[in-house]
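Results of the structural survey
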Amino acid sequence: MMRVLPLLLSLALGSTLRAEEFRPFATFVLHSHVKVTGERITPIPIKPIVFHVSTDGVRVRISPEGDAEAGSTFEIYRSDGVGRQRSGETALEVIPGIQAMSKSGGVLRHLRLTREALTITTFPGIADHTIITHALAVAPGTPVAARQPNVPTESSKP
């Protein structure tokens, strides 16, 4: 019994430690950034920023390229897919993806993540506007200067 207990304890701790490790998911490049106030949509000028996304299965971490310490962490609350509507179609389809949220300093942020894109919707606590940040997936290993979003073409869509 005394030999089994340390083995069980090490297995339990080992699985806990592995569950907390973040694994790379995908790389995205910032595509658009807009502010919505009432009925007005205002584009916010942006530089192309590359984001690395990783997950431990419970949380999602988004870090700007070159500064892993400046990342944001979101708690996954839904992993059974996300809805999308193709251009020109009325039907909503469910594709693989997750939804997550983060609340910090009175700011609520919602994340919608698929292999193709990520969207962060930010709801400031006492402001009358919402910020929507949209990024598209880029091929891994692509040099920063040449990174362009992986935009699906009509022929590549299912």
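Basis of the calculations
- Residues numbered from 1 in each chain as written.
- Predicted model: local features only at pLDDT ≥ 70, side-chain atom pairs only at ≥ 80, totals over all residues.
- Heavy atoms only, no water.
- Salt bridge = Lys/Arg side-chain N within 4 Å of Asp/Glu carboxyl O.
- Buried < 20%, exposed > 50% of the residue type's maximum accessible area, 1.4 Å probe, protein only.
- 1 Å grid on protein atoms, 1.4 Å probe; cavity = no way out; pocket = protein on both sides within 12 Å on 5 of 7 lines; lining within 4 Å.
- Points joined across faces, edges and corners; volume = space filled by probe spheres on them.
- Helix = DSSP H or I, 4+ residues; strand = E, 2+ residues; numbered from the N terminus.
- Nonpolar A, V, L, I, M, F, W, Y, C, P; charged D, E, K, R; others polar.
- Pairing = 2+ DSSP bridges.
- Contact = heavy atoms within 4.5 Å.

**Some details on the pattern of salt bridges**
Taken as a whole and judged by the stated rule, the model has 5 salt bridges. Ionic pairing is found between arginine 78 and aspartate 80, a salt bridge with its closest N-O pair at 2.7 Å. On the basis of relative accessible area, arginine 78 is assigned to the partly exposed category, the value being 39%. With a closest N to O distance of 3.0 Å, arginine 86 and glutamate 93 form a salt bridge. Among the ionic contacts, a cluster of salt bridges with common partners joins Arg84, Arg86, Glu93 and Glu116.

**With respect to the layout of surface pockets**
Over the atoms a probe the size of a water molecule is rolled, and this reveals where empty space is left. By volume, the second largest pocket is sized at about 200 Å³. Lining of the second largest pocket is provided by 13 residues; of these, Phe51, Ser72, Arg109, Ile120 and Thr133 occupy positions nearest its centre. Among the elements of the structure, β1 (23-37), β4 (59-64) and β10 (117-123) are those that each provide at least two residues to the lining of the second largest pocket. Ranked by the residues each element gives to the lining of the second largest pocket, the list is headed by β10, at 3 residues. A per-class count over the lining of the second largest pocket returns 7 nonpolar, 5 polar and 1 charged.

**A look at the pairing of β1**
Inspection of the sheet shows β1 paired to strand β3 (residues 50-55) by 6 bridges, in the antiparallel sense. Among the inter-strand pairings, valine 29 is bridged to a residue of β3, identified as valine 50. Pairing geometry for β1 and strand β11 (residues 130-138), over 9 bridges, is antiparallel. The residue of β11 that forms the bridge with valine 36 is threonine 130. Bridge count for β1 against strand β2 (residues 40-43) is 4 bridges, and the pairing is antiparallel. Bridge pairing links lysine 35 to threonine 42 in β2. Turn length for the β1-β2 hairpin, with the two strands adjacent in sequence and antiparallel, is 2 residues, and the turn residue glycine 38 shows positive phi of about 60 degrees.

**Considering the side chain of serine 54**
Along the chain, serine 54 turns up in strand β3. In this structure, serine 54 is in contact with Phe22, Arg23, Pro24, Phe25, Arg59, Val60 and Arg61, ignoring residues within four places of it in sequence.

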